[in-house]
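Coordinate analysis (summary)
Spelled out from the first residue to the last, the chains are:
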Amino acid sequence: MNAAFVHESVMLAEIVDVFAEMNNGVFLDATLGGAGHSVALLRAHSALRLLGIDQDDVALAAAAAVLSQADCGGRATLRRARFDSLATVVAEEGIGSLAGALFDLGVSSPQFDVAERGFSYRFDAPLDMRMDRSQSFSADDVVNGYDADALARMLRLNADERFADRIAKAIVASRPIRSTSHLSDVVSSAIPAPARRRGGHPAKRTFQAIRIEVNSELSILPIALRDAIAALAPGARLAVLSYHSGEDRIVKSVMRTAETGDCTCPPNLPCGCSAVRTVKRVRVSREASKSEQLTNPRSTSARLRVVEKLPQEEMN
Ligand SMILES: C[S@@+](CC[C@H](N)C(=O)[O-])C[C@H]1O[C@@H](n2cnc3c(N)ncnc32)[C@H](O)[C@@H]1O
């Protein structure tokens, strides 16, 4: 792995297993990151090709190096894009349908660990948090621009923050806030002392909520997942790794809608509505093994969900 971009892939063996029976064709990795999952899948399927998407130029450059070191570069096409434009990217690459697709959501370890990207309360840095550095909207705009109601709503929605109102008021009262350290101090002092001593760093949820906001993580996810399901070949699978409840709720809901076709018929009667079911659920272990959780802390919050596209004749 490139020394500047070290990301330990989560549930790697489980993901390889999910795609063990995959047909040849093009596999979409919608969150390429350090390409750990992609390299493992290309190694497991010698005729498979890869379409790798990431919105972060640093991740893409690192992934290109990793793929070429693994002798897989010739089978990979990499595109800088946000994954809600995957339908356009797939069409532009002349791909008819996908052999499989993976979303490993959220940020990679290097995004957290490079101080100046401003994702972490552990380092002092300007308020940034953009995965796509060509985007102008950053954490500074959220922290210094949103009113207290909008901040509180965002903290509840993106991070289930119990102290959303107190934190939002403290942020507004402390403006301008220009650095991660200043933000972290403001948030910590807004949380009551007994709660501050429990459940990890007091600013963790606020940083998560702002990162999700800056990168529109929750709003674009349903579009991307629906487009990925639509692009799958019959029998092809979509696997999604999510890392917090807000993401997992969306993944579950999109997959469930594709599985039921939003059927409105009473459960005890045959379906008479015009629902079209496009996938079936694939049962997998939803969480990382205990041993992985001990060695890779990022895996403790991972939740895996998988669906498989139905053959045309079974869609009704
Ligand atoms: C958890 S990492 C992926 C790690 C990868 N599976 C591996 O094994 O190395 C998530 C990656 O997805 C990218 N990403 C997150 N949201 C994205 C989006 N909406 N569009 C494109 N890339 C995105 C991030 O920039 C990051 O590099």
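A brief look at the structure comes next. Predicted model only: the values in this text are computed from it and were never measured.

**Considerations on the pairing of strand S4 (residues 98–104)**
Among the seven residues that make up S4, seven are buried, leaving the element largely enclosed by the rest of the structure. Pairing of strand S1 (residues 26–29) with S4 involves three bridges; the strand directions are parallel. Bridge pairing links Leu 28 to Ala 101 in S4.

**Remarks on the sheet that holds strand S6 (residues 279–282)**
Ordered in space as S3-S2-S1-S4-S5-S7-S6, the seven strands form an open sheet in which the pairing is mixed. The strands lining the two open edges of the sheet, one partner per strand, are strand S3 (76–80) and S6. Going across the sheet, the axis of each strand differs from the next one's by a mean of 15°, ignoring polarity. For strand S5 (residues 232–242) and strand S7 (residues 303–309), the ladder comprises six bridges, and the chain directions are antiparallel. Bridge pairing in S7 links Arg 237 to Glu 308. Sitting on the sheet, helix H3 (residues 57–69) is in contact with strand S2 (49–54) and S3, with an inclination near 170° to S3. Helix H12 (residues 217–231) rests against S4, S5, S6 and S7 of the sheet, and its axis sits at about 155° to S5.

**A look at the packing of aromatic side chains**
As enumerated under the stated definition, the model contains four aromatic pairs in all. Centroid distance Phe 19 to Phe 27: 4.9 Å. Interplanar angle 85°. Geometry classified as edge-to-face. Of the two residues examined, Phe 19 and Phe 27, each falls in the buried class. For Arg 298, the ring lying beneath its charged end belongs to Tyr 243, and the centroid distance is 4.1 Å.

Cut-offs and rules
Residues numbered from 1 in each chain as written. Predicted model: local features only at pLDDT ≥ 70, side-chain atom pairs only at ≥ 80, totals over all residues. Heavy atoms only, no water. Buried < 20%, exposed > 50% of the residue type's maximum accessible area, 1.4 Å probe, protein only. Helix = DSSP H or I, 4+ residues; strand = E, 2+ residues; numbered from the N terminus. Pairing = 2+ DSSP bridges. Axes fitted to C-alpha atoms, helices over the stretch in contact; angles between N-to-C directions. Contact = heavy atoms within 4.5 Å. Phe/Tyr/Trp six-rings, centres within 6.5 Å; stacked < 30°, edge-to-face > 60°. Lys NZ or Arg CZ within 6 Å of the ring centre and 35° of its normal.

The values reported here are purely geometric and, on their own, carry no functional implication.
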